[in-house]
Amino acid sequence: MALALNILIIVLALVTLYFLLKGGPKAAPAPTGKPAGGSYTPLPQGEPVHHWSDEGRFQLEVLGESRYSDAIRALAGEHGEAAADARHKALLLADDNNPYEDKAVAVFLNSEMVGYLAPKDAVAFRAMLARQEISGQLTSTDAVIRGGQMYEGKRLAYAVLLDVNVA
């Protein structure tokens, strides 16, 4: 009788341990209809009303690329072990519904979200829109994806740079 009780206790302990290690229920998949990376920004519609240019300087970096790394990697194209230098047209869209930044500006390449302007850059960009009297409207600029070269057997990160000066 004592042996059967010990076996029962061991079995119950193993079952409890199994469920503790297995974890709880799996999270539900993300809702469909949102852009890749979990953006809350709607995809841009229509033609840009203005094209910005900083004469090919490409000094404004897009933030949050890690969330959109799959899209950026695809847009970088095939570049072997060397660094990418992929040119694209970027669309910039004020994101007034962003739950994290009230002045957010989303960046898209080929209808793919690739990140946001840094908060201080977004404020300056929105001021530029206001000076041009095109606040809230879709604009564009040239963009380049750089990086992604191989280093010690690993592919380095990519950077998305824009040809617009917000200073």
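Conventions we followed
Residues numbered from 1 in each chain as written. Predicted model: local features only at pLDDT ≥ 70, side-chain atom pairs only at ≥ 80, totals over all residues. Heavy atoms only, no water. Helix = DSSP H or I, 4+ residues; strand = E, 2+ residues; numbered from the N terminus. Buried < 20%, exposed > 50% of the residue type's maximum accessible area, 1.4 Å probe, protein only. Areas by Shrake-Rupley, 256 points an atom, 1.4 Å probe, with all protein chains shown as cover. Core = buried A, V, L, I, M, F, W, Y, C linked by side-chain atoms within 4.5 Å. Contact = heavy atoms within 4.5 Å. Salt bridge = Lys/Arg side-chain N within 4 Å of Asp/Glu carboxyl O. Arc of directions from axis to C-beta.

A. Quick look at the overall build of the chain. For the chain, the count of helices and strands is three helices and nine strands. In the chain, the order of α-helices and β-strands from amino to carboxyl end is α-β-β-α-β-β-β-α-β-β-β-β. When each of the 167 residues of the chain is scored for burial, the buried share is 37%. Per element, the accessible surface of the chain, about 10600 Å² overall, is 57% carbon and sulfur.

B. View of the nonpolar core. Within the largest apolar cluster, 36 residues are counted, with the highest numbers of intra-cluster contacts made by Leu117, Phe125, Ile145 and Leu162. At the level of elements, helix H2 (69-76), strand E3 (84-94), strand E4 (105-109), strand E5 (112-116), helix H3 (119-131), strand E6 (139-147) and strand E9 (158-162) are the ones that each hand at least two residues to this core. Take this core: its biggest share by element is six residues, from E3. Ignoring anything within four residues of it in the chain, the contact list for Phe125 reads Trp52, Leu92, Val105, Leu117, Thr139 and Val166.

C. Layout of the pattern of salt bridges. By the definition in use, this model includes seven salt bridges. A salt bridge links Arg57 to Glu55, with the shortest nitrogen-to-oxygen separation between them at 3.8 Å. Taking the shortest distance from any N to any O, the salt bridge between Arg73 and Asp70 comes out at 3.0 Å. Highlighted residues: Arg73 and Asp70, both in helix H2, separated by three residues, approximately one helical turn. Judged by its relative accessible area of 42%, Arg73 falls in the partly exposed class.

D. Quick peek at the environment of Val123. The topology assignment puts Val123 in helix H3. Looking at Val123, the relative accessible area reads 46%, which means it is partly exposed. As a C-alpha pair, Val123 and Val105 span 18 residues in sequence and 8.6 Å in three-dimensional space.

E. Spatial organisation of H2. Along H2, the residues classified as buried are Ala71, Ile72, Leu75 and Ala76. Angular distribution of buried residues about the axis of H2 spans 135°; they occupy a single face of the element. In H2, the exposed positions angled more than 90 degrees off the buried face are occupied by Asp70 and Ala74. In this structure, the buried residues of H2 make contact with E3, E4, E5, E6 and E9. Positive backbone phi, at 75°, marks Gly77, one or two positions downstream of H2.

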